[in-house]
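Survey of secondary and tertiary structure
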Amino acid sequence: MMTKYFMVLLAALLAFPVGATERLFLGVNTGVPAQDEQRDITDKYKPLADYLTATLKRPVKLEVSQNLSASERRLKKDAFDLFLGPPQVIAQAMKSANYVPIVRYPGKLKAAFVAMESSGIKNLSDAKGKRLGLPDKDSLASHLALAKLRFSRINPESYFAEVFNQRFQDATLNALKMGRVDVVAVTAGFAKKWVGEHPGSRVIEESYEVPHFAFAVSEDVSEADSQRIQQILLDAPNTVEGRTMLEKMGRKDGFIATSKDDYTPLIKLFGL
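Just so it is clear, the model here is predicted, and its values are computed rather than measured. (Residues numbered from 1 in each chain as written. Predicted model: local features only at pLDDT ≥ 70, side-chain atom pairs only at ≥ 80, totals over all residues. Heavy atoms only, no water.)

**Some details on the side chain of Thr 30**
Operational definition: For the purposes of this entry, the term helix denotes a DSSP run of H or I that reaches at least four residues, the term strand denotes a run of E that reaches at least two, and both are numbered from the N terminus. Whether two residues touch is decided by their heavy atoms; if any such pair falls within 4.5 Å, the residues are in contact.
Mapping Thr 30 onto the fold places it in the loop between strand 1 (24–29) and helix 2 (38–56). Aside from chain neighbours lying at most four places away, what touches Thr 30 is Ile 41, Tyr 45, Val 64, Ser 65, Gln 66 and Phe 213.

Below is the structure:
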């Protein structure tokens, strides 16, 4: 039994070259709270940690969270070497702990305001004195909605009769359907899908666009390691293992290069 134990230990040590076995800690935030099982969410991102472990020849430990404020607190303490998350969290991590985004998902994100046609609300000007529904206060949709209102010189507390937060986006839209609120804001893709499935509802306005989720590295990660990780992720679609990883994550298009320049404007936009 003891001999078998030492053989397993030796195999584990040989899997990683001497001097390259220091563990990296990868944090992931899903961006939008959902009612999915934590195990299912972790399984979605485990292929990313496994792929980095194999290509870097260095163990990568994974922590996946749906709690946006918890991720932000840990990033402020520089708790992660690597982090994948939504744009508002990336911008906060840049400001509070000097994280550097190196790749991101293609495309951009925005929020949409939705109202029922029967309400007569056709734009935000019609929504004065009405009830506004928002998802989780730390969510991207809420950040984008409030940024839109702020740059439109609208103070939510005085403009709306009530600002009502719910944890999940679908619950926010259900509150609209049931008449609990008069207008809601959720991510644009989610809003358009919901409107398509619910005749009598419509998108009345949209927010500003922001870059998609990004993969960032801690300032403690060396420039050489940062560049290597960036290239590994950019090259993922060119390998069988990389394509498998991306498919399991639901990101067949892979990553594109990015930098602080793409996310610095978000610090002002979100009032961070």
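**As for the sheet that holds strand 12 (residues 214–217)**
Consider a sheet: its strands pair through backbone hydrogen bonds, and that pairing is either parallel or antiparallel. Inclusion rule: Two strands qualify as a pair provided that DSSP identifies no fewer than 2 bridges between them. Axis lines are fitted to C-alpha atoms, over the contacting stretch for helices. Their N-to-C directions set the angle, which ranges from 0 to 180 degrees.
Ordered by their spatial adjacency, six strands build an open sheet running 2-1-3-12-4-13, and the pairing between neighbours is mixed. Each end of this open sheet is capped by a strand with a single partner; those strands are strand 2 (60–65) and strand 13 (256–257). In the sheet, strand 4 (residues 100–104) pairs with strand 12 via four bridges, with the strands oriented antiparallel. The residue of strand 12 that forms the bridge with Val 100 is Val 217. Across the face of the sheet, helix 3 (residues 68–76) comes into contact with strand 1, strand 2 and strand 3 (82–85) while running at roughly 150 degrees to strand 1.

**Describing helix 11 (residues 260–269)**
What counts, and what does not: A 1.4 Å probe rolled over the protein chains alone gives each residue an accessible area, and that area as a share of the maximum for its type sets the label: buried under 20%, exposed over 50%, partly exposed in between. Arc, as used here, means the arc of the directions from the helix axis to the C-beta atoms.
Buried residues of helix 11: Tyr 263, Leu 266 and Leu 269, and no others. Viewed end-on, helix 11 has its buried residues packed into an arc of 90 degrees, placing them on one side of the element. Counted as exposed and oriented over 90 degrees from the buried face of helix 11: Asp 261 and Lys 268.

**Remarks on the packing of aromatic side chains**
Heads up, the rule is: Each Phe, Tyr or Trp ring, with Trp reduced to its six-membered ring, pairs with another whose centre is within 6.5 Å; inter-plane angles below 30 degrees give stacked pairs, above 60 give edge-to-face pairs, and intermediate values give tilted ones. Cation placement over rings: the criterion is NZ of Lys or CZ of Arg within 6 Å of the ring centroid and within 35° of the ring normal.
In this structure the tally under the stated criterion is six aromatic pairs. Ring geometry for Phe 25 against Phe 80: centres 5.2 Å apart, planes inclined by 65 degrees, an arrangement best described as edge-to-face. With a gap of 55 residues between them, Phe 25 in strand 1 and Phe 80 in the loop between helix 3 and strand 3 connect regions that are remote in the sequence. When sorted by exposure, Phe 25 lands in the same class as Phe 80, which is buried. Here Phe 151 and Tyr 208 contribute two aromatic rings whose centre-to-centre distance is 6.0 Å and whose plane-to-plane angle is 85 degrees, an arrangement assigned as edge-to-face. Taken together, the residues Phe 151 in helix 5 (residues 140–151) and Tyr 208 in the loop between strand 10 (201–206) and strand 11 (210–211) connect sequence positions 57 residues apart. Judged by its relative accessible area of 35%, Tyr 208 is partly exposed. Clustering of aromatic rings is evident, with ring pairs tying together Phe 25, Phe 80 and Phe 83. Just above the ring of Tyr 208 sits the side chain of Lys 148; from NZ or CZ to the centre is 5.6 Å.

**Let's talk about the pattern of salt bridges**
Put simply, the test is: In the sections that follow, a salt bridge refers to a side-chain nitrogen of Lys or Arg positioned within 4 Å of a carboxyl oxygen of Asp or Glu.
One pass over the full model with this rule turns up twelve salt bridges. Measuring nitrogen to oxygen at the nearest pair gives 2.8 Å for the salt bridge that ties Lys 46 to Asp 50. On the criterion of helical spacing, the pair formed by Lys 46 and Asp 50 is a turn pair, its members being four residues apart in helix 2. Among the ionic contacts, a cluster of salt bridges with common partners joins Glu 22, Arg 58 and Asp 225.

**A closer look at the nonpolar core**
Here is the rule we go by: Residues grouped as a nonpolar core are buried Ala, Val, Leu, Ile, Met, Phe, Trp, Tyr and Cys residues, joined through side-chain atoms within 4.5 Å.
Within the largest apolar cluster, 53 residues are counted, with the highest numbers of intra-cluster contacts made by Leu 26, Leu 48, Leu 52, Leu 84 and Phe 215. Examining the composition of this core, we find that seven residues originate from one element, helix 2, more than from any other. Setting aside its immediate chain neighbours within four residues, Leu 84 contacts Leu 26, Gly 27, Val 28, Asn 29, Tyr 45, Leu 48, Tyr 105, Phe 213, Ala 214, Phe 215, Met 249 and Phe 255. Phe 113, Leu 124, Phe 160 and Ile 204 belong to the second largest nonpolar core, which has 15 residues in total.

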